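# Examining the three-dimensional arrangement
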Amino acid sequence: MRERCLIIVTLMSLVSLPLWMGSDYYINIASQILIWAIFALALNVLVGWSGLVSLGHAGLFGMACYTGAWLLEAGWGHFTAVLGAFAMTILVSAIFGALSLRTRGIGFIMITLAISQILWGIAYRWIGLTNGDNGIIISARPTPFGIEMDTPGVFYIFTLIVFLLTMLIMAIFYQSPFGVSLRGTRDQSRRMSALGFNVWLIRFFAILFSGFFSGVAGLLFLYYHQYVSPHVLSLLNSAEVLLMVISGGTGTLLGPVVGAGLVVVIKNVASAYIERWNMLLGVIFVAIVIFMPEGLVPGTQRLFRWVFSRIKSIGAAIKSEAS
Amino acid sequence: MGSNVLALDGVSAYYGDSLVLQEVSFSLGEGRLLGLLGRNGAGKSTCMNVAAGLLSPRNGHLEFFGETVTEIKPEELAHLGVSLVPQERRIFKSLTVYENLAVAARQPPWTHRDPWEFSTVFAAFPRLGERHKQVAGSLSGGEQQMLAIARALMSNPRILLMDEPSEGLAPQIVMEVIDTVSRLKEQGLSIILVEQNPKLVFGIADDIVILNSGRVVLTGTAADLNPKNLDLTEYLGIF
């Protein structure tokens, strides 16, 4: 009951955010947090639930951005652009999976990094196709059901709906037989083989699933900025989203969302006050690793449990002394 | 004795360049319990890994239900009805007890009259039923062992390979595990039980195979090889 109340209050606060936030700047920050949270949730499927650390997810994110931008530039409608972007992201995810799943551990990290760097190189150097560092500008956001998304508030609500759907799908996925078997491959891959599972195929589908939601985040990013440049494919983007997942708590549903909030707020808000905001982010990350190595969400839960047990034991001691 | 459900024929296996099994041959009859004995490093667990498809033999071959198998993947063997209760349990520690069982649940075509499903497993292992929402890593050693056995049963196997299920458990829990193995045998399951403790095995096994330094040094029925009439020191280097 208490949990349900908390969820309802959180939802109400999120939905009404454009009304009470006041400034368009902060509504846009909220939209950015949601977009990065979707991306971090997508990466969490691999890092948290599959035990596969990818340092090239910006490649998938960026492919959705570029494909959507190309198709819109070529005169196609938003519907076709979105479908095309998903198809391309899933195709690139399949290539990612086929190549990277030949290895594990450090090899997996390096192959995902190498593939995303190839995509970054293409975006940066193949100027005829990508317009190079100048990037591609798209002229307009879509108008689903005739609703204009030009204002920050409306775009935020649209992003929130996509984010909540992503959370719901991720929660269902986590509990589903496929989700359970995926977590089984993370814990004991040999055991899963001995139980009759094709571990490679399970991981491959997980990469496709993760790639799809990276594409969702990429498209939202494209529509938010109405612009795409090679920066979206950069190693920095891959590292940042990985930082979000690890700092929030891998394998949890809320962790990547909290991590995305932390990084986006420091990047956009703290950077207005502190010139060396990268250093602040580094210090916070080191502090998380030292004090809450499991991430902010599981670490805070642990802290609360400890505080409650201390309060309980002190209460019991006072009671026994009084009697 | 019924027909053989599993046989190792002249199997040699290596870990890298180290020869661990040397031309090992033995067979498991249908509905029988074979006790595989040997001291540390004798090759018992390697035999189990070969039988479960986790390690490919370099020479020799395996037979399942009369069919010769040379190269087979562990997932294919599992679909043939082979289930392994591994050494050190190897449960999925971050999954709940229920999820550990759900991930293994299968109703294959050979399923016997009383298939293993959640209700029957929880009836056989009540403590798992009580803790079905608990994360498996938080169970006690004995409960984890029960979960490893229950997980293997959820796939309704035809052959159960048990690799030292009593390892690291308190004596009372060991007896519970052995009782469970006896019940499974009575239900007609074909079992290979790997153990270091001959006293446990001779009490319930139909057949005995003793390994030493990667070779089969003694085979026979448990009745013929009664430890009272046999100097096991010669074969096991213990007692």
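See above for the structure.
Below is a short write-up of the structure. In this text the structure is predicted, and so the values were computed from the model without any measurement.

Scanning chain B from terminus to terminus reveals 9 helices and 10 strands. For 239 residues, the compact-globule estimate of 2.2 N^0.38 gives 18 Å, and the C-alpha radius of gyration of chain B, at 17 Å, lies within 12% of that figure. A principal-axis box enclosing the C-alpha atoms of chain B has dimensions of 45 × 40 × 35 Å. In chain B, buried positions account for 55% of the 239 residues. Summarising the internal contacts of chain B: among those between residues at least 6 apart in sequence, 70% fall at separations of at least 24. Accessible surface, chain B as shown: approximately 10,300 Å² in total, 47% of it carbon and sulfur. Looking at chain B, you have 20 positive and 27 negative side-chain charges, and the mean spots of the two groups are 5 Å apart.

Residue and element names in this part refer to chain B. Taken in spatial order, the 6 strands line up as β6-β7-β8-β3-β9-β10 in an open sheet, and their pairing is mixed. Edge positions in the sheet fall to β6 (82-85) and β10 (215-221), since each has one partner strand and no second. In this sheet, neighbouring strand axes are inclined to one another by 15° on average, regardless of whether the strands run parallel or antiparallel. Relative to strand β8 (residues 190-195), strand β3 (residues 33-37) is paired through 5 bridges, and the arrangement is parallel. Note on β8: the bridge partner recorded for L34 is I192. Along the sheet, helix α7 (residues 171-186) makes contact with β3, β7 (159-163) and β8, crossing β8 at roughly 155°.

Bringing the environment of P144 of chain A into the picture now. Relative to the helices and strands, P144 of chain A is located in the loop between β1 (136-137) and α8 (152-175). Every residue in contact with P144 of chain A, bar those within four places of it in the chain, is listed here: M149 and F158 of chain A.

It is common to report an interface's size as the accessible area lost on association of the parts. Between chain A and chain B, the residue contacts involve 17 residues of the former and 20 residues of the latter. For the pairing of chain A and chain B, the buried interface totals around 1,600 Å² over both sides, and the portion due to carbon and sulfur atoms is 56%. Taken together, the connections running from chain A to chain B amount to 1 salt bridge. Where E99 of chain B meets R183 of chain A, a salt bridge forms, and the shortest distance between an N and an O atom there is 2.9 Å.

Let us look at the packing of α8 of chain A against helix α9 (residues 177-187) of chain A. Residue and element names in this part refer to chain A. With their axes 4 Å apart at the nearest point, α8 and α9 run at an angle of 65° to one another. Taken together, the axes of α8 and α9 are roughly perpendicular relative to one another. On α9, the residues that touch F173, Y174 and Q175 of α8 are P177, F178, G179, V180, L182 and R183. Across the contact of α8 with α9, the residue classes tally to 6 nonpolar, 2 polar and 1 charged.

Turning to the nonpolar core, a few remarks are in order. The biggest cluster of nonpolar side chains holds 137 residues, and the ones touching the most others in it are F163 of chain A together with F125, L128, L160 and I208 of chain B. Of all the elements, helix α3 (residues 24-47) of chain A adds the most residues to this core, at 17 residues. Not counting chain neighbours up to four residues away, the residues in contact with F163 of chain A comprise L34, A37, I38, L41 and V257 of chain A. One finds L8, L21, L84 and V209 of chain B within the second-largest nonpolar core, a separate group that totals 33 residues.

For the rest of this paragraph, the subject is the packing of α3 of chain A against helix α4 (residues 57-73) of chain A. Residues and elements named next belong to chain A. As a packed pair, α3 and α4 sit with axes 11 Å apart at the nearest point and diverge in direction by 135°. The orientation of α3 relative to α4 falls into the category oblique. Judged by the twist between their axes, the crossing of α3 over α4 is right-handed. Contacts between α3 and α4 involve F39, A42, L43 and L46 on the former and, on the latter, H57, A58 and F61. Tallied by class, residues from the contact of α3 with α4 come to 6 nonpolar, 1 polar and no charged.

Conventions used here
- Residues numbered from 1 in each chain as written.
- Chains lettered and ligands numbered in written order.
- Predicted model: local features only at pLDDT ≥ 70, side-chain atom pairs only at ≥ 80, totals over all residues.
- Heavy atoms only, no water.
- Helix = DSSP H or I, 4+ residues; strand = E, 2+ residues; numbered from the N terminus.
- Rg over C-alpha atoms; globule rule 2.2 N^0.38 Å.
- Buried < 20%, exposed > 50% of the residue type's maximum accessible area, 1.4 Å probe, protein only.
- Contact = heavy atoms within 4.5 Å.
- Areas by Shrake-Rupley, 256 points an atom, 1.4 Å probe, with all protein chains shown as cover.
- Lys, Arg positive; Asp, Glu negative; His and termini not counted.
- Charge placed at Lys NZ, Arg CZ, Asp CG, Glu CD.
- Pairing = 2+ DSSP bridges.
- Axes fitted to C-alpha atoms, helices over the stretch in contact; angles between N-to-C directions.
- Buried area = accessible area lost by both parts, 1.4 Å probe.
- Salt bridge = Lys/Arg side-chain N within 4 Å of Asp/Glu carboxyl O.
- Parallel < 35°, antiparallel > 145°, perpendicular 65-115°, else oblique.
- Nonpolar A, V, L, I, M, F, W, Y, C, P; charged D, E, K, R; others polar.
- Core = buried A, V, L, I, M, F, W, Y, C linked by side-chain atoms within 4.5 Å.
- Left-handed = near helix turned anticlockwise from the far one by under 90°.

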